[in-house]
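Descriptive structure summary
These are the residues of each chain, in order.
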Amino acid sequence: PSDWLALLAKAKCQRRAGMLPAASQTLVAADKATKGKNGTEPDILVELAALYFESEREIEAPGKRSAGNLLREALEIHKTHEDALLTQFELHRFNRRRVSKSPGEILGEIFAADPQSIRGLVARASADLDDGKLMSVRETVARLDKLAPKRRDVRVLHAALSWVEHDRDLTASLLEDLLK
């Protein structure tokens, strides 16, 4: 396909299927397809950054642009691009030596653009769960229950929280419900 949207969709499918080299090639083709038209699309840059971060984990591979630089480029084009900010949040949580912005500042940018960002709240709760900030997790999950109680990622957070809180019966029930 020559349409960059079709190429982006194809690359996302390839990435989810674990075909990372093919996804990279497809994204490069999608990026080239946009160059002659309206310039680079931030969606392509973000997906490429996420792919490079997934495959290289911050190690710059020869012939590839770094995930951090791709995300900065995407955010220069679209300052509140949620996927770019969420990927940047992951990148900064993974590499705590990154000091240009803290993960909290990045989440602040997401919530400034959309105070009800479900994906931002899920990212916050997940990070807080990893960090053992259970009170914050409970508060965020309660908020998510009001905004998006049926979302799978919200229900997974409930199961993870109940496991950490040693409520094995609730965890088993939540997991069973998730498998339906």
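Scroll up to find the structure.
So, here is what we can say about the structure in this document. Residue positions are given per chain, counting from 1 as you read along its sequence in written order. Side-chain atom pairs in this predicted model are given and counted only at pLDDT of 80 or more, local residue features only at pLDDT of at least 70, and totals for whole chains, interfaces and linings cover all residues. The side-chain quantities take in all heavy atoms of the structure and omit both hydrogens and water.

1. Points about the pattern of salt bridges
We count a salt bridge whenever a side-chain nitrogen from Lys or Arg sits within 4 Å of a carboxyl oxygen from Asp or Glu. In total, this model carries 11 salt bridges according to the counting rule given. With its nearest N and O atoms 3.8 Å apart, the salt bridge here joins Arg93 to Asp130. One end of the pair, Arg93, is in helix H5 (residues 82-94); the other, Asp130, is in helix H7 (residues 118-130), and 37 residues separate them in sequence. Type-normalised accessible area, obtained with a 1.4 Å probe on protein chains alone, sets the label of each residue: buried when under 20%, exposed when over 50%, and partly exposed for intermediate values. Judged by its relative accessible area of 17%, Arg93 is buried. Helix numbering and strand numbering both begin at the N terminus, where a helix is a DSSP run of H or I of at least 4 residues and a strand a DSSP run of E of at least 2.

2. Here we look at the nonpolar core
Of all hydrophobic cores here, the largest spans 44 residues; its most connected members are Leu27, Leu51 and Leu144. In terms of residue count, the dominant contributor to this core is helix H3 (residues 42-56) (eight residues). Contacts between residues were defined by any pair of non-hydrogen atoms, one from each residue, lying within 4.5 Å. Residues contacting Leu27, with those up to four places away along its chain left out, are Leu8, Ala11, Ile44, Glu47, Leu48 and Leu51. Nine residue types can take part in a nonpolar core, namely buried Ala, Val, Leu, Ile, Met, Phe, Trp, Tyr and Cys, and a core is a set of them joined through side-chain atoms within 4.5 Å.

3. What to know about the packing of aromatic side chains
Each aromatic pair joins two rings of Phe, Tyr and Trp (for Trp, the six-membered one) with centres within 6.5 Å, and gets the label stacked for planes under 30 degrees apart, edge-to-face for over 60, and tilted for any other angle. Summed over all chains, the structure comprises one aromatic pair. For the pair Phe53 and Phe94, a centre-to-centre distance of 5.5 Å together with 80° between the ring planes defines the contact as edge-to-face. Of this pair, Phe53 sits in helix H3 while Phe94 sits in helix H5, placing them 41 residues apart in sequence. Judged by relative accessible area, which is 5%, Phe53 ranks as buried.

4. Points about H7
For H7, spanning 13 residues, the distance from its first C-alpha to its last is 18 Å, which sits close to the expected 18 Å at 1.5 Å a residue. Turning to H7, its buried residues are Ile118, Gly120, Leu121, Val122, Ala123, Ala125, Ala127, Asp128 and Leu129. Contact partners of the buried residues in H7: H5, helix H6 (103-113), helix H8 (134-147) and helix H9 (152-164). Immediately downstream of H7, the backbone of Gly132 shows phi near 75°, a positive value. To estimate the expected span of a helix, subtract one from its residue number and multiply by 1.5 Å.

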